[in-house]
Amino acid sequence: MFAKLVAVSLLTLASAQLMAAECKTTIDSTDQMTYNTKAIEIDKSCKTFTVELTHSGSLPKNVMGHNWVLSKEADMQPIATAGLAAGIDKNYLPEGDARIIAHTKIIGAKETDSVTFDVSKLDAAEKYGFFCSFPGHISMMKGTVTLK
C-alpha cells in the first residue's frame, strides 16, 4: 500500500512539473543576420519571462552585432530608426524610450545576454514584436510575441 501511495505521489508531482509553463526561451542569432525563430508564445501564467540571446556566428559585435528588443509591433520600426543615432555603445536604442518593453545588449560572436521582463506589461489584445536594432537588421531579424 505504501509503495502504491509513493508511486501515485511521484506521478502527480511529475505531471505537475510538466504542466508548469515554460517562462523562458533561448534565441540564437547568426552571421547571416537571422534569429532561429520568428515567433515567441508566452503563457499567461508566467509572471516573468526570460529571453536568452546567443550569437553562434564568428563576427564581432561592431560588424555583425545583434540584440533582442521587445515592443508593440507598431513601434518596432520607429524605435529602430531612432536608435541609429544612439550608436553601438547604447545598443542602437534611444535612451529612456518608454516604447521599449525589454531588450538585451548588442552581442557579438560566441557572446550571450539575457533579459527578464514582467509579463503583466503585456496585453493579450495588443500585437507585440521583437527585432534587432543593429542598423539595417530589422528588415530580416524580427518576429512576433503573443500572449497565450
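Note that this is a predicted model, so its numbers are computed, not measured. (Residues numbered from 1 in each chain as written. Predicted model: local features only at pLDDT ≥ 70, side-chain atom pairs only at ≥ 80, totals over all residues. Heavy atoms only, no water.)

### A word on the sheet that holds strand β5 (residues 102–103)
Applicable threshold: Strands qualify as paired when DSSP identifies two bridges or more between them. Secondary structure elements follow DSSP: runs of H or I no shorter than four residues count as helices, runs of E no shorter than two count as strands, and numbering proceeds from the N terminus. We call two residues in contact when some of their heavy atoms are within 4.5 Å. Between N-to-C directions, angles span 0 to 180 degrees; the directions come from axes that are lines fitted to C-alpha atoms, helices contributing only their stretch in contact.
The mixed open sheet is built from 5 strands, whose spatial order is β2-β8-β7-β4-β5. Looking at strand neighbours, the two that pair on one side only are β2 (39–42) and β5, the edges of this open sheet. Strand contacts of helix α3 (residues 76–83): β4 (69–72), β7 (128–131) and β8 (142–147), with the helix running at about 35° to β7, the strand carrying the most contacts.

### Structural notes on the sheet that holds strand β6 (residues 112–118)
The strands making up a sheet are joined through hydrogen bonds of the backbone, oriented either antiparallel or parallel. The strand order across the open sheet built from 3 strands is β1-β3-β6, with neighbouring strands paired in mixed fashion. Because the sheet does not close on itself, it has two edges, and the strands there are β1 (24–29) and β6. Neighbour to neighbour, the strand axes of the sheet diverge by 20° on average, direction disregarded. Across 6 bridges, the pairing between β1 and strand β3 (residues 48–55) is parallel. Residue pairing in the sheet places Lys-24 in a bridge with Thr-50 of β3.

### Points about the side chain of Asp-113
The following threshold applies: Working definition: with a 1.4 Å probe on protein chains only, accessible area under 20% of the residue-type maximum means buried, over 50% means exposed, and in between means partly exposed. Only four residue types enter the tally: Lys and Arg on the positive side, Asp and Glu on the negative side; His and the chain ends are excluded. Within this document, salt bridges are pairs made up of a side-chain nitrogen of Lys or Arg and a carboxyl oxygen of Asp or Glu, the two lying within 4 Å of each other. Polar contact criterion, stated in full: a pair of N or O atoms within 3.5 Å, where within protein one must be able to donate a hydrogen and the other to accept it, and residues adjacent in sequence count only if both atoms are side-chain atoms.
Its place among the elements puts Asp-113 in strand β6. In this structure Asp-113 is buried but unpaired, with Lys-105 as the nearest side chain of opposite charge at 4.6 Å. Within the structure, Asp-113 has its side chain in polar contact with the backbone nitrogen of Lys-105 (distance 2.7 Å). Once residues within four sequence positions are removed from consideration, Asp-113 is found in contact with Val-51, Glu-52, Leu-53, Thr-104, Lys-105 and Ile-107.

### Considering the pattern of salt bridges
As enumerated under the stated definition, the model contains 3 salt bridges in all. Residue Lys-72 pairs with Glu-126 through a salt bridge whose shortest N-O separation is 3.8 Å. With a gap of 54 residues between them, Lys-72 in strand β4 and Glu-126 in the loop between β6 and β7 connect regions that are remote in the sequence. With a shortest N-O distance of 2.6 Å, Asp-97 and Arg-99 are connected by a salt bridge. Taking the relative accessible area as the measure of exposure, Asp-97 reaches 16% and is therefore buried.

### Let's talk about the packing of aromatic side chains
Basically, it comes down to this: Only Phe, Tyr and Trp rings are paired, with Trp represented by its six-membered ring, and only when their centres lie within 6.5 Å; those with planes under 30 degrees apart are stacked, over 60 edge-to-face, the remainder tilted.
The final tally for this structure, using the stated rule, is 5 aromatic pairs. On the basis of an interplanar angle of 50° and a centroid distance of 6.0 Å, the ring pair of Phe-49 and Phe-117 is categorised as tilted. With Phe-49 in strand β3 and Phe-117 in strand β6, the pair connects residues that are 68 residues apart, well separated along the chain. Neither Phe-49 nor Phe-117 differs from the other in exposure class; each is buried.

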